[in-house]
Amino acid sequence: MLRDADRAARAEREGERVTRARVDDDLAFAAVEDEPREERVVPQADDLDALDAPAERANRLESELMGERALGGDLLHHAADLARFGGADHDREAARALHLAQVDELLLGALADHDPPELHLDHREFVLARSHRLPCRVEPRSCAIAPRVGRGRALPFAPLAGGTDEAQRPTVGWAAHRPCPRACAPATPPPPTKASYPDNPVLVEVWRGHAVESQHRGAWVVAEADGRIVESAGAFEAPIFTRSAVKCLQALPLLETGAAEHFGFDDADLALAISSHNAEAQHTERVLGVLARLGLEVRHLQCGPQPPGDPEARAQLKERGERFTSLHNNCSGKHAGFLALARHLGAPVESYLDSESAGQRLVRRALVEVSGVRDDDVTIAIDGCSAPTFRLPLAGLATAYARIANPAGLATPRRAACERMLGAVERFPELIAGRHERLCTDLARISRGRLFPKIGAEAVYAIGVRGTGRGLALKIDDGGARALNAVVVGLLRRFGFATADELAALEEWEERRLKNWAGLEVGRLEVLV
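These lines cover the structure that appears in this document, whether it is placed above or below. (Residues numbered from 1 in each chain as written. Predicted model: local features only at pLDDT ≥ 70, side-chain atom pairs only at ≥ 80, totals over all residues. Heavy atoms only, no water.)

1. Focus: the nonpolar core
(1) Moving on: If you look at the biggest cluster of nonpolar residues, it comprises 110 residues, and the most contacted ones within it are M421, Y461 and L474.
(2) Moving on: Excluding anything up to four places from it in sequence, L474 contacts A219, W220, L394, A459, V460, Y461, L484, V487, V488 and L491. (Core = buried A, V, L, I, M, F, W, Y, C linked by side-chain atoms within 4.5 Å. Buried < 20%, exposed > 50% of the residue type's maximum accessible area, 1.4 Å probe, protein only. Contact = heavy atoms within 4.5 Å.)

This is how it looks when you write it as structure tokens:
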């Protein structure tokens, strides 16, 4: 327990720090565009799932926690926020102050009954772990001024005015909410694992002048369609979270059940369903078209709002005075596909992300069958877009991509589904990622569809090589793109998966010279594959 003086001091510092982190809509876009970097070795990170700017977190808090469907009762507000509300210079500022006050009160109340009184909160993982969805009703009886809640910050709780009697504490949610439907019930999480991270080899060294300054470790594996390992480095049998690298596996039930055909998915729609897109107009307009055919709206997408990955799309939203929504989430195409599957199966669309829903059970079965991994060896957690994400060995991911890119040995319905996905990526490479510095699009376009690529957050990558019976999967331990892009191209070169002309066209992704902002060459990347 913290002493009262220490607790009060920490609360004051925390409140000031988070208040400074709250920015308006204009700065929200700037935070995405203007992240400071000392040097630039490779193009923009090809990983939209990992966007985590403070402003984006604030917007996500508001959008997820204050949606009209999430709350069923009125909320009290902190005195400090009400003062800010009353002293606002204009209506927009006042509305935002009031909105933020409600978010704070919800999170404060949700944690008020927790013991110990100090903990770290990642709001998404905490809420989802407790109930998989937000409580349906909040009934606060009283409140106290408390520090703002933010991602990964300590939350010291000061005593309430007039003492610490339990009757004065906010009654919120987890015990006091109205019963939720079955779709909101939490899945039993697996026990925490304490196994140490694999001691993987160094795949990239970063040299400055005459000495190594940094290293990137990781693992990679090349597998045959029959599951045999061709070559590998590192702990390729160790499980990893595959994140968005399995979107093509998640789309198999969409095709195999007939849902795609029933709702008129063409190859462009299908490319979008397996994409991590930039939210360019070609992406968002097509998602809207799919939703319209389903009789649904953007509000039915449960992936959460995310700034567009495309700088032009961000600028256009800013100019129009609009805010990004779930439509702009890089996974909105996948979620539109999930919704189509739920509609086709007659399942409730409200619970389409529930791991025990009809659609997600089909997704898991397809993943297990194509990867060759035993069902007991696959565990799940919550992805950045709130969908289930699968943890399985890197070798299983490589095997899955070998089979999807070379589906001749699969049963007829699955072979046809894989061939449709391969054709969609070949014809619409920009829909699987985007025009703006996206390795997935460049690999598919330059190879004319011979390479079937997909990135996953935290530096996961997988490629199926058509006509070879082989698949490649890799993971960079630190989750960064600096090493990932160079290793991907290096492995394509090593195994002859890309021609000399294709490698020349990919040169910018393998840029090994380290330059500073003045254009001086100060070091290099050395890829050790």
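The rest of the description comes next.
2. Quick word on unusual backbone geometry
(1) Moving on: A positive phi angle is found at A279, which is not glycine, with a value near 60 degrees.
(2) Moving on: Along the chain, A279 falls in the loop between helix 10 (267–273) and helix 11 (281–294).
(3) Moving on: Residue A279 is classed as buried on the basis of its relative accessible area of 4%.
(4) Moving on: Even without being glycine, E458 reaches a positive phi, approximately 60 degrees.
(5) Moving on: Checked against the element boundaries, E458 lands in the loop between strand 11 (451–456) and strand 12 (460–465).
(6) Moving on: Taking the relative accessible area as the measure of exposure, E458 reaches 38% and is therefore partly exposed. (Helix = DSSP H or I, 4+ residues; strand = E, 2+ residues; numbered from the N terminus.)

3. Quick look at the pairing of strand 7 (residues 229–233)
(1) Moving on: As paired strands, strand 6 (residues 211–224) and strand 7 are joined by 4 bridges and run antiparallel to one another. By the bridge assignment, A223 is partnered in strand 7 with I229.
(2) Moving on: Joining the antiparallel neighbours strand 6 and strand 7 is a turn of 4 residues, in which G227 adopts a positive phi near 95 degrees. (Pairing = 2+ DSSP bridges.)

4. Comments concerning the pattern of salt bridges
(1) Moving on: Using the criterion set out here, one finds 26 salt bridges in the structure.
(2) Moving on: Among the salt bridges present, the one from R208 reaches E213, with a minimum N-O distance of 2.9 Å.
(3) Moving on: By relative accessible area, which is 45% here, E213 ends up partly exposed.
(4) Moving on: Among the ionic contacts, a cluster of salt bridges with common partners joins D266, D269, R286 and R293. (Salt bridge = Lys/Arg side-chain N within 4 Å of Asp/Glu carboxyl O.)

5. What about the sheet that holds strand 9 (residues 379–382)?
(1) Moving on: On the basis of which strands lie adjacent, the open sheet formed by 3 strands has the order 8-10-9 and antiparallel pairing. Strands with a single pairing partner mark the edges of an open sheet, and in this sheet they are strand 8 (239–241) and strand 9. With direction set aside, neighbouring strand axes in the sheet form an average angle of 30 degrees.
(2) Moving on: Those strands touched by helix 14 (residues 358–371) are strand 9 and strand 10 (388–393), and its axis lies near 20 degrees from that of strand 10.
(3) Moving on: In the packing of helix 15 (residues 394–405) onto the sheet, the strands contacted are strand 8 and strand 10, and the crossing angle to strand 10 comes to about 100 degrees. (Axes fitted to C-alpha atoms, helices over the stretch in contact; angles between N-to-C directions.)

6. Some words on the pairing of strand 15 (residues 521–527)
(1) Moving on: The sheet contact formed by strand 5 (residues 202–208) and strand 15 spans 5 bridges and is antiparallel. Counterpart to R208 in the pairing with strand 15 is G523.
(2) Moving on: Bridge count for strand 14 (residues 513–515) against strand 15 is 3 bridges, and the pairing is antiparallel. Paired with L514 across the strands is G523, a residue of strand 15.
(3) Moving on: Between strand 14 and the antiparallel strand that follows it, strand 15, lie 5 residues; G519 among them carries a positive phi value of about 85 degrees.

7. Considering the packing of helix 14 against helix 15
(1) Moving on: In the contact formed by helix 14 and helix 15, the axes pass within 8 Å of each other and the chain directions differ by 90 degrees. Considered as vectors, helix 14 and helix 15 are oriented roughly perpendicular to each other. Within the contact between the two elements, helix 14 uses E369, V370 and S371 and helix 15 uses G396, T399, A400, R403 and I404.
(2) Moving on: Tallied by class, the residues present in the contact of helix 14 with helix 15 amount to 3 nonpolar, 3 polar and 2 charged. (Parallel < 35°, antiparallel > 145°, perpendicular 65-115°, else oblique. Nonpolar A, V, L, I, M, F, W, Y, C, P; charged D, E, K, R; others polar.)

8. Let's talk about the environment of V488
(1) Moving on: You can see V488 is positioned in helix 18 (residues 481–494).
(2) Moving on: The residues touching V488, leaving out its near neighbours within four places in the chain, are L439, L443, Y461, I463 and L474.

9. Some remarks on helix 11
Because an α-helix packs 3.6 residues into every turn, residues spaced three or four apart end up facing the same way.
(1) Moving on: The end-to-end C-alpha distance of helix 11, which contains 14 residues, comes to 20 Å, matching closely the 20 Å that a straight helix rising 1.5 Å per residue would cover.
(2) Moving on: Here helix 11 has its buried residues at H283, T284, V287, V290, L291 and L294. Along the axis of helix 11, the buried residues cluster in a sector spanning 120 degrees; they form a single face. Across from the buried face of helix 11, at angles greater than 90 degrees, the exposed residues are E285 and A292. (Expected span 1.5 Å × (residues − 1). Arc of directions from axis to C-beta.)

10. Description of the side chain of N329
(1) Moving on: In this structure, N329 sits in the loop between helix 12 (311–320) and helix 13 (332–345).
(2) Moving on: Ignoring anything within four residues of it in the chain, the contact list for N329 reads H277, C303, G304, Q306 and C385.

11. Observations concerning the environment of L339
(1) Moving on: Of note, L339 is situated in helix 13.
(2) Moving on: In sequence terms L339 and L301 are 38 residues apart; their C-alpha atoms lie 8.1 Å from each other.
(3) Moving on: Residues in contact with L339, not counting those within four places in the same chain, are L291, L294, L296, H300, L301, V349 and Y352.

12. Observations regarding the packing of helix 13 against helix 14
The angle between the axes and the distance between the axes are what describe a pair of packed helices.
(1) Moving on: Their axes nearest at 8 Å, the elements helix 13 and helix 14 cross at an angle of 115 degrees. The angle between helix 13 and helix 14 falls in the class roughly perpendicular. Like other packed secondary-structure pairs, helix 13 and helix 14 cross with a definite hand, here right-handed. In this structure, helix 13 contributes F338, L341 and L345 to the contact, and helix 14 contributes A358, G359, Q360, L362 and V363.
(2) Moving on: Looking at the contact of helix 13 with helix 14, its residues break down into 6 nonpolar, 2 polar and no charged. (Left-handed = near helix turned anticlockwise from the far one by under 90°.)

13. Comments concerning the packing of aromatic side chains
(1) Moving on: Counted under the stated rule, the structure contains 4 aromatic pairs.
(2) Moving on: With 5.6 Å between their ring centres and 75 degrees between their planes, W220 and F495 make a pair best called edge-to-face. One end of the pair, W220, is in strand 6; the other, F495, is in the loop between helix 18 and helix 19 (500–505), and 275 residues separate them in sequence.
(3) Moving on: What makes W220 buried here is its relative accessible area of 2%.
(4) Moving on: Judged by its relative accessible area of 17%, F495 falls in the buried class.
(5) Moving on: Their ring planes at 20 degrees and their centres at 5.7 Å tell us that F495 and F497 sit as a pair that is stacked. (Phe/Tyr/Trp six-rings, centres within 6.5 Å; stacked < 30°, edge-to-face > 60°.)

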